[in-house]
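Here are the chains, one letter per residue:
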Amino acid sequence: MYTVEELSKVLKVLGDPTRLTMMKQMEAGEQCACSFVDCFDISQPAISRHLKMLRQAGLLLERRDKQWIHYRLNETSPFYPLVTDLLANLETNKPSCDCEPNCAV
């Protein structure tokens, strides 16, 4: 069970279409931050802000590899089952994007 405050915080973070689409893309596996810059028509600082919010909510984990940062869903989050249920019912029109060729995945 979740408290009202905890669930409200997570739902607020997931309520943004960009962040929800990012989560849907990470459902397939780890994604480099650079892949999101290529996918969305927004700046790199805005992408970083979205990823930071998801990470602070405990929904993402990050892995650093030199200058690249890779993100994945946090399977240890108490909200992971809820998130995966939401993502399973989400239909998106955005294609899965690939990292830059020189990105070390």
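Our structure is the block above this text.
Residues numbered from 1 in each chain as written. Predicted model: local features only at pLDDT ≥ 70, side-chain atom pairs only at ≥ 80, totals over all residues. Heavy atoms only, no water.

**Overview of the overall build of the protein chain**
- The helix and strand inventory of the protein chain stands at five helices and three strands.
- The N-to-C order of helical and strand elements in the protein chain reads α-α-β-α-α-β-β-α.
- Residue pairs at least 24 apart in sequence account for 65% of intrachain contacts in the protein chain once pairs closer than 6 positions are excluded. (Helix = DSSP H or I, 4+ residues; strand = E, 2+ residues; numbered from the N terminus. Contact = heavy atoms within 4.5 Å.)

**Some remarks on the sheet that holds strand E1 (residues 31-32)**
- Spatially, the three strands line up as an open sheet ordered E1-E3-E2, and their pairing is antiparallel. The outermost strands of the open sheet, each flanked by one partner alone, are E1 and strand E2 (60-65).
- Bridging between E2 and strand E3 (residues 68-73) involves six bridges; their strand directions are antiparallel. In the strand pairing of E3, Leu60 is matched with Leu73.
- Each of E1, E2 and E3 is contacted by helix H2 (residues 17-26), which is oriented at about 85 degrees to E3, the strand it contacts most. (Pairing = 2+ DSSP bridges. Axes fitted to C-alpha atoms, helices over the stretch in contact; angles between N-to-C directions.)

**Description of the environment of Leu60**
- Mapped onto the fold, Leu60 is located in strand E2.
- With relative accessibility at 2%, the residue Leu60 sits in the buried group.
- Sequence separation between Leu60 and Tyr71 is 11 residues; the distance between their C-alpha atoms is 6.4 Å.
- Sequence-distant contacts of Leu60, defined by excluding residues within four places in its chain, comprise Met23, Met26, Leu51, Leu54, Arg55, Tyr71, Arg72, Leu73 and Asn74. (Buried < 20%, exposed > 50% of the residue type's maximum accessible area, 1.4 Å probe, protein only.)

**So, the pattern of salt bridges**
- Inspection of the entire model under this criterion finds four salt bridges.
- Put simply, Glu27 and Lys24 hold a salt bridge, and the shortest N to O gap is 2.9 Å.
- The class of Glu27 is partly exposed, set by a relative accessible area of 37%.
- Of the charged contacts in the structure, one is a salt bridge between Arg63 and Glu30, with a shortest N-O distance of 2.6 Å. In this pair, Arg63 sits in strand E2 while Glu30 sits in the loop between H2 and E1, placing the two residues 33 residues apart along the sequence.
- By relative accessible area, Arg63 is classed as partly exposed at 30%.
- Each of the salt bridges in this network shares a partner with another, and the network as a whole consists of Arg55, Glu62 and Arg64. (Salt bridge = Lys/Arg side-chain N within 4 Å of Asp/Glu carboxyl O.)

**Some thoughts on the packing of aromatic side chains**
- In total, this model carries two aromatic pairs according to the counting rule given.
- Ring geometry for Phe36 against Phe40: centres 6.3 Å apart, planes inclined by 35 degrees, an arrangement best described as tilted. Both residues of the pair, Phe36 and Phe40, count as buried. (Phe/Tyr/Trp six-rings, centres within 6.5 Å; stacked < 30°, edge-to-face > 60°.)

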